[in-house]
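Listed below are the residues making up each chain.
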Amino acid sequence: MAKGELAAIVGVNGIGKSTLLRTLGNVQPKLSGSITLNKLPLEQHTIAELAAEISVVLTEPIASKNLTVQELISLGRQPYTNWLGTLTPEDRDKISLAMEMVQISELRSKKCYELSDGQLQRVMIARAIAQDTQLILLDEPTTHLDLYHKVQILKLLRSIAHTTKKTILFTTHEIEIAIQLCDKMLILEKNQSTFGSPCELIQMKSFENLFPADTITFDAETGSFRVNK
Ligand SMILES: Nc1ncnc2c1ncn2[C@@H]1O[C@H](COP(=O)(O)OP(=O)(O)OP(=O)(O)O)[C@@H](O)[C@H]1O
């Protein structure tokens, strides 16, 4: 993946999207194959190096909902703080900037348990931005959100990738929105997975066999799926 790209991993339930994302983020050990980050195998990076290179936003509910928004986002600075977790002026600037980028500055003193799902998702994205890594990985960042908020979150990720030149990779079931907003997509399938720009994937007819054709067909003209009644 290149710098500044937004990319989605899509595929049917149980195909291995989260497993792949978690493996890339070093959250779980790989089953096979190799993962290279900055020309070095992932396992040759120290934990501290990885924390400064990759931030991961998972679907598990956070254990620390009693923290304020600002406190939770401050945890993103952990790879850079001393053992006491003391924040420097630079850390504070990065935390404020992260909150501004995802437009949650006014929520800074709220407790995380007071937030809506959409607001909490923004907070988790801000924490990843505060971690200041080149790569941000997110597992299903739009679950539980309505259509408007799904689009808002994915537009936000696109804008962060393009303006900060960070590389953002996420798993999703929102294939139609991803087609419209992503620079690259990986379609995971049992026998052959395909990776490319949404346009290339449409031209290669890669979306057409994703779901059983007697139930759902893909319309290449509109980049959308149709239900066969
Ligand atoms: N490469 C693999 N080889 C063997 N088992 C795998 C592999 N990838 C994933 N699995 C297993 O398949 C199951 C489903 O994987 P996973 O949760 O990653 O799928 P998913 O595509 O994210 O599903 P969903 O869309 O339902 O969230 C898990 O039990 C996982 O351990």
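In this text, all values refer to a predicted model and were calculated from it rather than measured experimentally.

1. Structural notes on the overall build of the protein
Right, so step 1: If you tally the helices and strands in the protein, you get eight helices and ten strands.
Right, so step 2: Its C-alpha radius of gyration of 18 Å places the protein within 12% of the 17 Å reference for a compact globule of 229 residues.
Right, so step 3: With the C-alpha coordinates aligned to their principal axes, the bounding extent of the protein is approximately 60 × 40 × 30 Å.
Right, so step 4: In the protein, which comprises 229 residues, the share counted as buried stands at 43%.
Right, so step 5: Long-range pairs, those at least 24 residues apart, make up 63% of the contacts in the protein between residues at least 6 apart in sequence.
Right, so step 6: About 12,600 Å² of surface is accessible on the protein, with carbon and sulfur atoms providing 52% of the total.
Right, so step 7: Side-chain charges in the protein split into 24 positive and 26 negative, and the spacing between the mean points of these groups amounts to 2 Å.

2. Examining the pairing of strand 7 (residues 184-187)
Right, so step 1: Pairing geometry for strand 1 (residues 6-10) and strand 7, over four bridges, is parallel. Counted as the bridge partner of Ala 8 is Met 185 from strand 7.
Right, so step 2: Note: strand 7 against strand 8 (residues 194-196), three bridges, orientation antiparallel. Paired with Leu 186 across the two strands is Phe 195, which belongs to strand 8.

3. Observations regarding the site of the ligand
Right, so step 1: If you check the shell around the ligand, you find Val 12, Asn 13, Gly 14, Ile 15, Gly 16, Lys 17, Ser 18, Thr 19, Leu 31, Glu 140 and His 173 and nothing else.
Right, so step 2: Within the backbone of Gly 16, one N or O atom sits 3.0 Å away from an oxygen atom of the ligand.
Right, so step 3: Within the side chain of Thr 19, one N or O atom sits 2.5 Å away from an oxygen atom of the ligand.
Right, so step 4: Against a free-state accessible area of 640 Å², the protein chains account for coverage of 49% of the ligand.
Right, so step 5: Considered class by class, the residues forming the shell around the ligand number three nonpolar, six polar and two charged.

4. Comments concerning the sheet that holds strand 6 (residues 167-171)
Right, so step 1: Ordered in space as 4-5-6-1-7-8, the six strands form an open sheet in which the pairing is mixed. Because the sheet does not close on itself, it has two edges, and the strands there are strand 4 (54-57) and strand 8. Direction aside, neighbouring strands of the sheet carry axes that sit 15° apart on average.
Right, so step 2: Pairing analysis gives four bridges linking strand 4 to strand 5 (residues 135-138), with the strands arranged parallel. By the bridge assignment, Ile 54 is partnered in strand 5 with Leu 135.

5. Notes on the pattern of salt bridges
Right, so step 1: Overall, the coordinates contain eight salt bridges when judged by the stated rule.
Right, so step 2: The shortest N-O distance in the salt bridge between Glu 5 and Lys 184 comes to 2.8 Å. Here Lys 184 lies in strand 7 and Glu 5 lies in the segment before strand 1, a separation of 179 residues in the sequence.
Right, so step 3: The residue Glu 174 makes a salt bridge to Lys 150 at a minimum N-O spacing of 3.1 Å. In this pair, Glu 174 is assigned in the loop between strand 6 and helix 7 (175-181) and Lys 150 in helix 6 (residues 147-164), connecting sequence segments 24 residues apart.
Right, so step 4: A single salt-bridge network, built from bridges that share partners, covers Glu 90, Lys 94, Asp 132 and Lys 166.

6. Description of the packing of helix 4 (residues 89-101) against helix 5 (residues 117-130)
Right, so step 1: Packing of helix 4 against helix 5 brings their axes to within 8 Å, and their N-to-C directions diverge by 140°. If you check the angle between helix 4 and helix 5, you find them oblique. For the element pair helix 4 and helix 5, the recorded crossing hand is right-handed. Across the interface between the two elements, Lys 94, Ala 98 and Met 101 of helix 4 pack against Ala 126, Ile 129 and Ala 130 of helix 5.
Right, so step 2: Here the residues of the contact of helix 4 with helix 5 sort into five nonpolar, no polar and one charged.

7. Description of the UniProt feature "domain: ABC transporter" (unreviewed entry) in the protein
Right, so step 1: Under the UniProt annotation, "domain: ABC transporter" (unreviewed entry) lies at residues 1-215.
Right, so step 2: Along residues 1-215 one finds 37% helix and 13% strand; the C-alpha atoms at either end are 33 Å apart.

8. Brief notes about unusual backbone geometry
Right, so step 1: A positive phi angle, near 70°, is found at Lys 39, a position not held by glycine.
Right, so step 2: Relative to the helices and strands, Lys 39 is located in the loop between strand 2 (36-37) and strand 3 (40-41).
Right, so step 3: One non-glycine residue, Glu 140, adopts positive backbone phi at about 40°.
Right, so step 4: Its place among the elements puts Glu 140 in the loop between strand 5 and helix 6.

Definitions and limits used
Residues numbered from 1 in each chain as written. Predicted model: local features only at pLDDT ≥ 70, side-chain atom pairs only at ≥ 80, totals over all residues. Heavy atoms only, no water. Helix = DSSP H or I, 4+ residues; strand = E, 2+ residues; numbered from the N terminus. Rg over C-alpha atoms; globule rule 2.2 N^0.38 Å. Buried < 20%, exposed > 50% of the residue type's maximum accessible area, 1.4 Å probe, protein only. Contact = heavy atoms within 4.5 Å. Areas by Shrake-Rupley, 256 points an atom, 1.4 Å probe, with all protein chains shown as cover. Lys, Arg positive; Asp, Glu negative; His and termini not counted. Charge placed at Lys NZ, Arg CZ, Asp CG, Glu CD. Pairing = 2+ DSSP bridges. Near = heavy atom within 4 Å. Polar contact = N/O pair within 3.5 Å; in protein donor to acceptor, adjacent residues only side chain to side chain. Nonpolar A, V, L, I, M, F, W, Y, C, P; charged D, E, K, R; others polar. Axes fitted to C-alpha atoms, helices over the stretch in contact; angles between N-to-C directions. Salt bridge = Lys/Arg side-chain N within 4 Å of Asp/Glu carboxyl O. Parallel < 35°, antiparallel > 145°, perpendicular 65-115°, else oblique. Left-handed = near helix turned anticlockwise from the far one by under 90°. UniProt positions renumbered as here; feature names shortened; annotations may be inferred.

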